[in-house]
Structure formats: structure tokens, C-alpha cells
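The residues making up each chain are set out below.
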Amino acid sequence: MKTVLLGVGNSLHSDDGAGPYFAKLFEGSRDIISFDCGTAPENFTGKIRRAMPERILIVDASLMGLRAGDVRIVPAEKIHDTSVGTHMLPLTHLVNFLSEITEEIILIGIQPKSLEDGDVLSFEVRSALDELEKTINEGNLKLIPVL
């Protein structure tokens, strides 16, 4: 299945850099086309459209009221409730636009420990992302709980 991965977030706000960090883990992957979108994922819609993906994964720090490093699939109707808010446009707009490109869009949220200034991920978030990488590489998305 042709998959595009979008890492979203601000790498200068500690754990808000989870998405960009995660996207870099897949650079050079044969199976997943990965983009570090920073705070402006809307700037990548042309590249995404040209890739013609069957699935789009969006990885972003999400305020879900869970323990730091907890990972959840965030349903479309809950995106607004979990957004960190450092994006140029709300993720709901991006998801709505991308739904014209592919039917399967999965937002994976990671509960941040800190959103303070700094370019280092917390141990909890980095560990969770390393586990998530294994889960995705093994094709086990169904193992990720839904929020």
C-alpha cells in the first residue's frame, strides 16, 4: 500500500517536534514517502497529490490528557480537541482537503511532556516514537489504541 507520512510540529518547542522527528525516521524508506512538514503541512499538498497515496499518516504532538509518550489514533471528530495549535492552519482543514486525495487518513497523536522552548524531545516521547516506528514498519497500525 502506497503510504505518505506527514510529520507535523515545531521542532523548537520540545515535544511538539515529535512529528518532524518521526518523519526523519522514515527518510529513505522504500515503503513510505515521508515529509517533515514542520508547522505548515499545507505546503506539501502538491507533493502529496503527485505521490497518489492510498494512505496518509499524520503524526503530531496532541494534547489528549494522557501520560507523556502515550500514542493514540485521533478520530477526525476529535482533532480539534487535541491540537497543540502551532500549525499555520488547523489540522481539520488539512484532513478535509486531503480527503479528496485519498480515503484513508490516519492522525496519530503523541502526548507531549513539554512544549517549552527547546529542541530536545523528552525521553518518554522519543521512546514512544521509536516503538511507533516498529509498529508501522511491521504493518500493525491496528495495535494503536483509538482516542
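Conventions we followed
Residues take numbers from 1 onward in each chain, read along the sequence in its written order. Note on the predicted model: pLDDT of at least 70 is required for a residue's local features to be given, and 80 or more for side-chain atom pairs to be given and counted; whole-chain, interface and lining totals, by contrast, use all residues. Side-chain calculation: all heavy atoms of the structure are included, whereas hydrogens and water are not. To form a nonpolar core, buried Ala, Val, Leu, Ile, Met, Phe, Trp, Tyr and Cys residues must be joined to one another through side-chain atoms within 4.5 Å. To sort residues, take the accessible area from a 1.4 Å probe on protein chains only and compare it with the maximum for the residue type: under 20% means buried, over 50% means exposed, and anything in between is partly exposed. Numbering of helices and strands runs from the N terminus; a helix is a DSSP stretch of H or I covering at least four residues, while a strand is a stretch of E covering at least two. Any pair of residues with heavy atoms lying within 4.5 Å of one another is described as a contacting pair. Here a strand pair is declared whenever DSSP counts at least two bridges between the two strands. Axis definition: a line fit to C-alpha positions, over the contact stretch in the case of helices; interaxial angles, taken between N-to-C directions, run 0 to 180 degrees. Grid points spaced at 1 Å over the protein atoms alone were grouped into cavities, where a 1.4 Å probe fits but cannot get out, and pockets, open sets with protein on both sides within 12 Å along at least five of seven lines, with lining residues defined by an atom within 4 Å of a point. Grid points are joined across faces, edges and corners, and a volume is the space filled by probe spheres set on the points. Amino acids are sorted into nonpolar (Ala, Val, Leu, Ile, Met, Phe, Trp, Tyr, Cys and Pro), charged (Asp, Glu, Lys and Arg) and polar (every other residue, Gly among them). Scored from 0 to 100, pLDDT records how confident the predictor is in each individual residue. One speaks of a salt bridge when a side-chain nitrogen belonging to Lys or Arg is within 4 Å of a carboxyl oxygen belonging to Asp or Glu.

Visitor: Where do I start with the nonpolar core in this structure?
Guide: The nonpolar side chains of soluble globular proteins are, as a tendency, buried together. Counting residues in each nonpolar core, the largest one holds 21 residues, and the members touching the most others are F22, I108, L129, L132 and I136. Among the secondary structure elements, those contributing two or more residues to this core are α1 (18-25), β3 (55-61), β4 (71-74), β5 (104-110) and α5 (123-137). Counting residues per element, this core draws most heavily on α5, at 5 residues. Once you skip the residues sitting within four places of it in the chain, F22 turns out to touch L5, V59, L129, L132, E133 and I136. Membership of the second largest hydrophobic core comes to 19 residues, among which are C37, I48, I79 and I101.

Visitor: I would appreciate a short explanation of the sheet that holds β4 in the present structure.
Guide: In a beta sheet, neighbouring strands are held together by backbone hydrogen bonds and run either parallel or antiparallel to one another. Strand order in this open sheet of 5 strands is β2-β1-β3-β5-β4, and the pairing throughout is mixed. Of all the strands in the sheet, the pair left with one neighbour each is β2 (32-38) and β4. Put simply, the sheet's adjacent strands are angled 25° from each other on average, direction ignored. Pairing of β4 with β5 involves 4 bridges; the strand directions are antiparallel. The residue of β5 that forms the bridge with R72 is G109. Lying on the sheet, α5 is in contact with β2, β3, β4 and β5; it crosses β5 at an angle near 150°.

Visitor: Would you mind going over α1 with me for this structure?
Guide: In an α-helix there are 3.6 residues to a turn, and that puts residues three or four apart on one side. Taken across its 8 residues, α1 has 6 buried, putting it largely inside the fold. All of the buried residues in α1 are A18, G19, P20, Y21, F22 and A23. Of the surrounding secondary structure, the elements contacted by the buried residues of α1 are β1 (3-8), β2, β3 and α5.

Visitor: Mind showing me how you'd approach the layout of surface pockets here?
Guide: Left-over empty space is what a probe sized like a water molecule reveals as it rolls over the atoms. Of the volumes computed, that of the largest pocket is approximately 300 Å³. Looking at the largest pocket, it is lined by 15 residues, and the ones nearest its centre are T3, R55, I136, G139 and L141. Classifying every residue of the lining of the largest pocket gives 7 nonpolar, 4 polar and 4 charged.

Visitor: Honestly, the confidence of the model for the protein in this entry has me stumped. Any pointers?
Guide: Low-pLDDT stretches of the model should not have their predicted coordinates read in fine detail. Averaged over all residues, the pLDDT of the protein equals 91, while 94% of them reach at least 70. The weakest mean pLDDT in the protein belongs to helix α3 (residues 79-82) at 66; the strongest belongs to α1 at 97.

Visitor: Got a minute to help me understand the pattern of salt bridges in this structure?
Guide: As a working rule, side chains carrying opposite charge can pair if their charged atoms are close by. Within the structure shown, the criterion is met by 5 salt bridges. Residue R67 is joined to D70 by a salt bridge in which the shortest nitrogen-to-oxygen separation is 3.3 Å. The exposure class assigned to R67 is exposed, which follows from its relative accessible area of 63%. For D70, a relative accessible area of 13% corresponds to the buried category. Between E124 and K113 there is a salt bridge whose closest N-O contact spans 3.1 Å. Residue E124 is located in helix α5, and its partner K113 is located in the loop between β5 and α5; the two are separated by 11 residues in the primary sequence. Look at K113 and you get exposed, because its relative accessible area is 54%.

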